[in-house]
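Residue strings, one per chain:
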Amino acid sequence: MILVTGGAGFIGSNFVMNWLAQSDETTINLDLLTYAGNLQNLSSLSSDQRHIFVHGNIADSTLVNGLLTQHQPRAIINFAAESHVDRSIHGPEDFIQTNIIGTFRLLEAVRAYWNGLNEGAKKGFRFLHVSTDEVYGSLSKTEPAFSETHQYEPNSPYSASKAASDHLVRAYHHTYGLPTLTTNCSNNYGPYHFPEKLIPLMIVNALAGKPLPVYGDGQQIRDWLYVKDHCSAIRRVLADGRVGEVYNVGGCNEKPNIEIVHTICGLLDELRPRSDGSSYREQVTYVTDRPGHDRRYAIDAGKIASELGWKPDETFETGIRKTVQWYLDNQSWVSNVQSGSYRSWVEKNYQGRG
Ligand code: NAD
Ligand code: DAU
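Residues numbered from 1 in each chain as written. Chains lettered and ligands numbered in written order. Predicted model: local features only at pLDDT ≥ 70, side-chain atom pairs only at ≥ 80, totals over all residues. Heavy atoms only, no water.

Side note on the pattern of salt bridges
Here's step 1: Counting across every chain of the model gives 18 salt bridges.
Here's step 2: A salt bridge links Asp86 to Arg290; the nearest nitrogen and oxygen atoms lie 2.7 Å apart. Linking Asp86 in helix α3 (residues 85–90) with Arg290 in the loop between β13 (284–287) and α10 (302–308), this pair joins segments that are 204 residues apart in sequence. For the pair Asp86 and Arg290, a shared accessibility class is recorded, and that class is buried.
Here's step 3: If you follow the salt bridges from partner to partner, you end up with Arg242, Glu245, Lys303 and Glu307 in one network. (Salt bridge = Lys/Arg side-chain N within 4 Å of Asp/Glu carboxyl O. Helix = DSSP H or I, 4+ residues; strand = E, 2+ residues; numbered from the N terminus. Buried < 20%, exposed > 50% of the residue type's maximum accessible area, 1.4 Å probe, protein only.)

Laid out in structure tokens, this is it:
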């Protein structure tokens, strides 16, 4: 069996569902259920014996030691993290606790467990750490995309905490021989994306008749990847990635934020036209920029393509259409995640941005 951490969040829940759609290998899912974790994402698995949900913290060494001893997983895929840049700017503490201390405690528990395995199991074991392109910092318009050897230059408390976790994973391989793999992926989008992030926030605000808050000049560039393609990349790396290696994952799909927002408006104009007949573009509002806002991310996914034969299945056009349709079809999921704590976050982040 495998142990997934953070499997009730956006990418983790997509990964668990995809995994169990393609394999009968039991999945233990350890998740703290922070504001971003939601068991409703996994409701299709509620009576599936192959999915074992455990509510808890990756930093809880006693709990993790017990899970490893009891279930003897052959691999761990670490998604658990605080993941939102704006939240890390308002309050970095949770990012340090989960992304750095949590990853460290998890690695310690895994190291002890791995040391106790027999030689065959030890050799086959994998610890796959899911990370981000943000650790590499920001690119100018003309610089080449991030390769795996690009210097680490994290600019936000979030990316700095992820960079620290990547370094720990690297050190556990080099120092202790732990069979690790790291993936650094670009911006994901798709079903179950929490509406604090750009794409779901714009869809949800548009439908609610609220402003569509574009930070700064809206010309920041991100490299968008449909979440199922990220999941397939992780499966490829887990299956055949070289131990100790890093694999960059991206969609070869660079777009400025304002273009993303306009695309969403265009799809909504077609699929759910506004009652007054005008475009959702009318709701676009430029607001004060994110402090330290990275200008451009772009991934060179050549290594995973040539070594492991991975490439994305979705184009941005097919993926964004599916995503907008998913939010239209799942409005009860959206209203359930818009709890009191969601409303206070929106107030904190957007009030005073002008
Ligand atoms: P998310 O915020 O939607 O989900 C994170 C999950 O981790 C939640 O279910 C949460 O409850 C859980 N969690 C948080 N702290 C925990 C702890 N201490 N112990 C156990 N569980 C805990 O995040 P996401 O967007 O699904 O991202 C998943 C991973 O992928 C993160 O490591 C993130 O850095 C990385 N990543 C995300 C993107 C993206 O575009 N979203 C891109 C590249 C990499
Ligand atoms: O690159 C991978 C990263 O992508 C992941 O590691 C992070 O976990 C994930 O949150 C994401 O980070 P970003 O900061 O790029 O994503 P976000 O959706 O928050 O913002 C995308 C872009 O949109 C960014 O340039 C900021 C801008 N933005 C965002 C919000 C929430 C706006 O213009 N307005 C907004 O209201």
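Looking at the packing of aromatic side chains
Here's step 1: Applying the stated criterion across every chain yields a total of 19 aromatic pairs.
Here's step 2: Aromatic pair Tyr327 and Trp333: ring centres 6.2 Å apart, planes at 80°, arrangement edge-to-face.
Here's step 3: Three or more aromatic residues joined by ring pairs form one cluster here, namely Tyr136, Phe146, Tyr152 and Tyr297.
Here's step 4: The ring centre of Tyr176 lies 3.8 Å from the NZ or CZ of Arg111, which sits over that ring.
Here's step 5: Between the NZ or CZ atom of Lys122 and the centre of the ring of Trp114, over which it lies, the distance is 4.8 Å. (Phe/Tyr/Trp six-rings, centres within 6.5 Å; stacked < 30°, edge-to-face > 60°. Lys NZ or Arg CZ within 6 Å of the ring centre and 35° of its normal.)

Some words on the layout of surface pockets
Here's step 1: Estimates place the volume of the largest pocket at around 300 Å³.
Here's step 2: Asn205, Lys210, Pro211, Val346 and Tyr350 are the residues nearest the centre of the largest pocket, which is lined by 14 residues in total.
Here's step 3: Listing elements by their share of the lining of the largest pocket, those giving two or more residues are α7 (198–207), β13 and α13 (340–350).
Here's step 4: At four residues, α13 tops the list of elements feeding residues into the lining of the largest pocket.
Here's step 5: Among the residues making up the lining of the largest pocket, the classes are represented as seven nonpolar, four polar and three charged.
Here's step 6: Its volume calculated, the second largest pocket comes out at about 240 Å³.
Here's step 7: Where the lining of the second largest pocket is concerned, the elements lending two or more residues are α6 (157–176) and β6 (180–185).
Here's step 8: For the lining of the second largest pocket, the leading source of residues is α6, giving six residues.
Here's step 9: Looking at the lining of the second largest pocket, its residues break down into four nonpolar, six polar and five charged. (1 Å grid on protein atoms, 1.4 Å probe; cavity = no way out; pocket = protein on both sides within 12 Å on 5 of 7 lines; lining within 4 Å. Points joined across faces, edges and corners; volume = space filled by probe spheres on them. Nonpolar A, V, L, I, M, F, W, Y, C, P; charged D, E, K, R; others polar.)

Concerning helix α1 (residues 10–22)
Here's step 1: A rise of 1.5 Å per residue sets the reference length of α1, with its 13 residues, at 18 Å; its end C-alpha atoms lie 19 Å apart and thus fit the reference within 8%.
Here's step 2: Most of α1 sits inside the fold, with 10 of its 13 residues counted as buried.
Here's step 3: Of all the residues in α1, the buried ones are Phe10, Gly12, Ser13, Asn14, Phe15, Val16, Met17, Asn18, Trp19 and Leu20.
Here's step 4: Contacts from the buried residues of α1 go to β1 (2–5), β2 (27–31), β3 (51–55), β4 (75–78), β7 (188–189) and α8 (227–240). (Expected span 1.5 Å × (residues − 1). Contact = heavy atoms within 4.5 Å.)

Some remarks on the site of ligand 1
Here's step 1: In the neighbourhood of ligand 1, 28 residues make up the surrounding shell, with Ile11, Asp31, Ser83, Tyr158 and Lys162 lying closest.
Here's step 2: Here an oxygen atom of ligand 1 and a backbone polar atom of Thr34 are 3.0 Å apart.
Here's step 3: Bound to the protein, ligand 1 loses 96% of the 830 Å² it would expose on its own.
Here's step 4: Within the residue set of the shell around ligand 1, elements represented by two or more residues are α1, β5 (126–132) and α6. (Near = heavy atom within 4 Å. Polar contact = N/O pair within 3.5 Å; in protein donor to acceptor, adjacent residues only side chain to side chain. Areas by Shrake-Rupley, 256 points an atom, 1.4 Å probe, with all protein chains shown as cover.)

Some thoughts on the site of ligand 2
Here's step 1: As a matter of local geometry, ligand 2 sits amid 25 residues, with Asp133, Tyr158, Arg290, His293 and Tyr350 nearest to it.
Here's step 2: With respect to ligand 2, the side chain of Asn187 contributes an N or O atom lying 2.7 Å from an oxygen atom.
Here's step 3: Here Arg290 contributes a side-chain N or O atom positioned 2.6 Å from an oxygen atom of ligand 2.
Here's step 4: In isolation ligand 2 exposes 690 Å². Once the protein is present, 95% of that is buried.
Here's step 5: Only α3, α7 and β8 (212–215) provide two or more residues apiece to the shell around ligand 2.
Here's step 6: No other element matches β8, which puts three residues into the shell around ligand 2.
Here's step 7: A per-class count over the shell around ligand 2 returns 10 nonpolar, eight polar and seven charged.

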